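Coordinate analysis (summary)
Each chain, letter by letter, is given below.
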Amino acid sequence: PTTTRRAMARFSAAAVLVALAAGPCSVSTLTLGAGRSSSRAALRELARGLDNEAAPTPIQRVVKLLEEMKGQLESEASADAETYDKMVCWCQTNEKEKTKAVA
């Protein structure tokens, strides 16, 4: 019937969009037939391809970038803390010497 064809066309279009959003994939993943079994097979192949995919996804790249930025900020914070401690020590020592010299 016509409604079944429309439903399969919508399903096929949705599967193509999912495949394109998932990133690099094989041509056979995108060749979805009109039959239900070929659509299921294509989706299984897509899922298998996503599990075996070596290239990181955009989300994984963003997470990695944020983790790298966190590490860099932590190292900069420790360096800033050391500099602050040295400056505080210098200021206190210098203040004591100046107060003693004025008195």
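From a predicted model like this one, the values you see are computed outputs, not experimental measurements.

**What about the overall build of the protein chain?**
Check the secondary structure of the protein chain and you find four helices and zero strands. Taken from the N to the C terminus, the helices and strands of the protein chain come in the order α-α-α-α. Per-residue burial over the protein chain gives 10% buried out of 103 residues. Sequence separation of 24 or more characterises 44% of the internal contacts of the protein chain that already satisfy a separation of 6 or more. Total accessible area on the protein chain is roughly 8500 Å²; 62% of this is exposed by carbon and sulfur atoms.

**Here's the deal with the confidence of the model for the protein chain**
For the protein chain, per-residue confidence averages 74 on the pLDDT scale, and 56% of positions sit at 70 or higher. At the level of individual helices and strands, the protein chain shows its lowest average pLDDT in helix α2 (residues 27-30), which scores 46, and its highest in helix α4 (residues 58-102), which scores 90. Long-range and interchain partners of residues 26-34, a stretch whose pLDDT sits below 50, account for 20 contacts in this model, where long-range means more than four residues apart.

**Structural notes on a nonpolar patch on the surface**
Residues V62, L65, L66 and M69 make up a contiguous nonpolar surface patch of about 370 Å² in total accessible area. Along the polypeptide, L65 turns up in helix α4. Taking relative accessible area as the criterion, L65 reaches 46% and is therefore assigned partly exposed.

**Observations concerning the state of the cysteines**
The full count for this structure, using the stated rule, is zero disulfides. Not part of a disulfide, C89 finds its nearest cysteine sulfur in C91, a span of 9.3 Å. For C89, a relative accessible area of 47% puts it in the partly exposed group.

Quick notes on the rules
Residues numbered from 1 in each chain as written. Predicted model: local features only at pLDDT ≥ 70, side-chain atom pairs only at ≥ 80, totals over all residues. Heavy atoms only, no water. Helix = DSSP H or I, 4+ residues; strand = E, 2+ residues; numbered from the N terminus. Buried < 20%, exposed > 50% of the residue type's maximum accessible area, 1.4 Å probe, protein only. Contact = heavy atoms within 4.5 Å. Areas by Shrake-Rupley, 256 points an atom, 1.4 Å probe, with all protein chains shown as cover. pLDDT = per-residue confidence, 0-100. Patch = residues over 30% accessible without salt bridge, like charges linked within 9 Å, V, L, I, M, F, W, Y side chains within 5 Å. Salt bridge = Lys/Arg side-chain N within 4 Å of Asp/Glu carboxyl O. Disulfide = S-S within 2.5 Å.

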